[in-house]
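Examining the three-dimensional arrangement
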Amino acid sequence: MPSIAVGVAFFILFSGEKLNLYNTYTLLIIVGTIKYIPFASRNALNSMLQLSGEIEEAAIIQDIPWTKRMTRIIIPIQKSSIISGFLLPFMTCLRELSLFMLLCTQGFILSTTLDYFDEMGLYAFSSGINLILIITILVFNALVNKMTGASLDDGIGG
Amino acid sequence: MPEIKLEHINKRWGKFYAVDDLSMTIRDNAFVTLLGPSGCGKTTTLRMIAGLETPTSGKITIGDKVVFDSSMGINIPANKRKVGFLFQNYALWPNMTVYQNISFGLTNIKEEMPKIDFEAKTNSDLVRILKTPDEVRKVVEECRDKNDKIDEKRAVLKLIDAFTISQYTAKTLFSYHIEKGFDTKSKIADLEAKIKESKEKNNLDSEFRYLDKGKVVTENRKMNKEEIDLAVRRVSRIVKIGMFMDRYPAELSGGQQQRVAIARTLAPEPSVLFMDEPLSNLDAKLRLEMRYELQRLHVETGSTFVYVTHDQMEAMTLASEICLINNGVLQQYQPPLEVYKKPANLFVADFVGNPSINFIDGVGGQNDDGSVSLDILNGYKAKFIPSNSLDLGKWRKERDEFEGKKLLELKAKSKEKGYVEKGNKDEVFKYHIQKVVEEDDSLSEDPVITDRDFVLGVRPECLVVDENGKLEGEIYGAMPTGMESTIKVRIGDYLLTGVIFGDLAIRIGSKVRLNINSDRIMLFDRKSGKIIATGSLEIS
């Protein structure tokens, strides 16, 4: 689904008179979540399915409560896929323009500001902003690669 | 102490009955193996008792507590049943070290326990050990590395094992550096004064439990880290994994992983222990070794063991009782030797025993003196003499009555609401008769079986090579192992398996004479597959 189409849908939904979230971070977070949740969950889901049920049953038999099972066993085992499931969509979202274009004013977030300077012909400014974005993403990518072994280079499935 | 009772347990998925009307009692301190071919419902049974699977109907009691009853709507979850479960693939938590794996369950226990003054207890342990400073010095001195420095980790481990103390106490002990000439006398006096003080202050008994009017005070508390450590060390000593405590499961071999899994299951001291094919992933030698360890464990812990296996050797050697299951139906539940000597039906006879039993078809009838005359192996005449008196007519009548009753019960059941017909029907076991040329009888029609049809079951060790033997045959194959040889003898079109002890030189193709010389020959009814009697056989 093209990002702009998602943007338009949410623009229409949330800019009515009663429910107006135009130009708020809340709206951007909602839209970003909805657009990227399939990528994030698919990653975590696959690795969760690979985990044998007996790992948890072994804990159930020993009367370990749910919260402890999650925090001490399941999440530590799934740590890498959960982190990569979060960070990979996060990086893609950082440089997203078309999704947020219609939902906020031009100076609201980095990518739209970049677009604004670009239109105005202030290429030096937009290049600077671009550099910030690129470096941030590279740093995150390196972090994810190092921490989890998952990588944006291999794709996140979309 | 618990006794496990299953009453009319059913488990089905759709039309498939995994467990069909299973009733059995596992007595306290027993070692019961559930044995059967793969897919017969033994693991399902075990998981139902443990509470990891919900039966479709029936009642399960552990001790005096009903843990499952479909008619009353009781279903106590697995974590409240206080059982131990050892999984087939061990299910160790890969993110924890061996020590954490074992102690994790313990940190979670919160129960009514006596209140103990741990500081005083530790101090008294220290006093006990400090009174023999030479031994401590000896243990510590053993841990010098090549630079003549003492390896602290190793020293602490050795101290733990030498004096049965926790690692915290061992570290304190090590920090005194007795090997460098520590003044033990003043320390002992110091510690003893402390112990005396806390004893007077808190009114403690000899095991440092708080006393209130002569009674031990209990409180609902978690286990102290000292207690946890002692428990971990205790189980790790049983399965000998003290030196791997800091490793992760991935850094252990299969056998070590399994021992960790056993330790983890044993740590909370469950009175019932379930094991689901725990040895199936190990190599043959290690499996034998672990078998001995499990046996020892059963004696040492005094718990009730329920053990699932498809390996009949394991079941025979370990169990105090074998529970044979086929197609979800209980076939026989008796001590292993009983099962071997007097199997309830053809299936059991075939499944138990290695090499497997010989079946010989026979046609004939009962004589006036109680013996049964049979025609066997195309032209031999045999006379089966039962050990106990046998009335075949009465036996058949009882059999038919039993079958009739079963049919009636089934009919009554099928009228009940919600009854589902068993999709995987029970059939009389199709026994295999070894022949030189195997016929494919899958296409031929089933023969009409009358009451004159019998099956003889002859264990391989009952065949004896004898110069005056009545059966004349030819050696078809031989497998000497040194201690004994398994031979296959051809008699006409038929093959019989025998075991002879000693290293006889056997040439394939040579003629031999055989005798069936035993009073443990089994006579089965071919129609129902059930055993009629055991006895001896005379061949003429």
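Note that this is a predicted model, so its numbers are computed, not measured.

**With respect to helix 5 (residues 152-163) of chain B**
Residues and elements named next belong to chain B.
- End to end, helix 5 covers 16 Å across 12 residues, agreeing with the expected 16 Å (1.5 Å per residue, within 8%).
- Buried within helix 5 we find A155, V156, L159, I160 and F163. Taken down its axis, helix 5 places every buried residue within 140° of arc, on the same side.
- Structurally, helix 5 contributes buried residues whose contacts are with helix 3 (118-130), helix 4 (133-141), helix 6 (167-175) and helix 8 (225-239).
- Looking one or two places after helix 5, you find T164, whose phi comes out positive at around 50°.

**Considerations on the interface of chain B and chain A**
- Every contact between the two is made by 24 residues of chain B and, on the other side, 17 residues of chain A.
- Summed over both partners, the interface of chain B with chain A comes to about 1900 Å²; 58% of that surface belongs to carbon and sulfur atoms.
- When the buried area of chain B at its contact with chain A is split by residue, W93, F104 and N108 of chain B rank highest and sum to 30% of it.
- Joining chain B to chain A, the criterion identifies 2 salt bridges.
- Two residues, D63 of chain A and K80 of chain B, come together in a salt bridge whose shortest N-O distance is 3.5 Å.
- There are 8 residue pairs in polar contact (both at pLDDT 80 or more) connecting chain B and chain A.
- Only helix 1 (42-50), strand 7 (84-86), helix 2 (98-107) and helix 9 (254-266) of chain B provide two or more residues apiece to the side of chain B that touches chain A.
- Ranked by the residues each element gives to the side of chain B that touches chain A, the list is headed by helix 2 of chain B, at 3 residues.

**As for the sheet that holds strand 19 (residues 453-458) of chain B**
Residue and element names in this part refer to chain B.
- The 6 strands are arranged 16-17-18-26-25-19 in a closed barrel whose pairing can be described as antiparallel. Each strand axis lies, on average, 45° off the axis of its neighbour in the sheet, ignoring direction.
- The sheet contact formed by strand 19 and strand 25 (residues 521-525) spans 4 bridges and is antiparallel. Bridge pairing links G457 to M522 in strand 25.
- Strand contacts of helix 14 (residues 392-415): strand 16 (358-366), strand 17 (372-376), strand 19, strand 25 and strand 26 (531-539), with the helix running at about 150° to strand 26, the strand carrying the most contacts.

**Structural notes on the environment of S38 of chain B**
- When you line up the elements, S38 of chain B lands in the loop between strand 3 (31-35) and helix 1.
- Between the alpha carbons of S38 of chain B and T309 of chain B there is a distance of 9.0 Å; along the sequence they are 271 residues apart.

**So, the pattern of salt bridges**
- For the coordinates displayed, the defined rule picks out 16 salt bridges over all chains.
- For R526 of chain B, the salt bridge is made with D361 of chain B, and the minimal N-O distance between the two is 3.9 Å. A residue pair is termed long-range when its members are at least 10 positions apart, and R526 of chain B in the loop between strand 25 and strand 26 and D361 of chain B in strand 16 qualify at 165 residues.
- Exposure remark for R526 of chain B: the relative accessible area of 19% places this residue in the buried category.
- With its nearest N and O atoms 3.6 Å apart, the salt bridge here joins E472 of chain B to R513 of chain B. Residue E472 of chain B is found in strand 21 (residues 471-480), and its partner R513 of chain B is found in strand 24 (residues 511-516); the two are separated by 41 residues along the sequence.
- One continuous salt-bridge network, built from bridges that share partners, spans E57 of chain A together with R47 and E53 of chain B.

Rules used throughout
Residues numbered from 1 in each chain as written. Chains lettered and ligands numbered in written order. Predicted model: local features only at pLDDT ≥ 70, side-chain atom pairs only at ≥ 80, totals over all residues. Heavy atoms only, no water. Helix = DSSP H or I, 4+ residues; strand = E, 2+ residues; numbered from the N terminus. Expected span 1.5 Å × (residues − 1). Buried < 20%, exposed > 50% of the residue type's maximum accessible area, 1.4 Å probe, protein only. Arc of directions from axis to C-beta. Contact = heavy atoms within 4.5 Å. Buried area = accessible area lost by both parts, 1.4 Å probe. Salt bridge = Lys/Arg side-chain N within 4 Å of Asp/Glu carboxyl O. Polar contact = N/O pair within 3.5 Å; in protein donor to acceptor, adjacent residues only side chain to side chain. Pairing = 2+ DSSP bridges. Axes fitted to C-alpha atoms, helices over the stretch in contact; angles between N-to-C directions.

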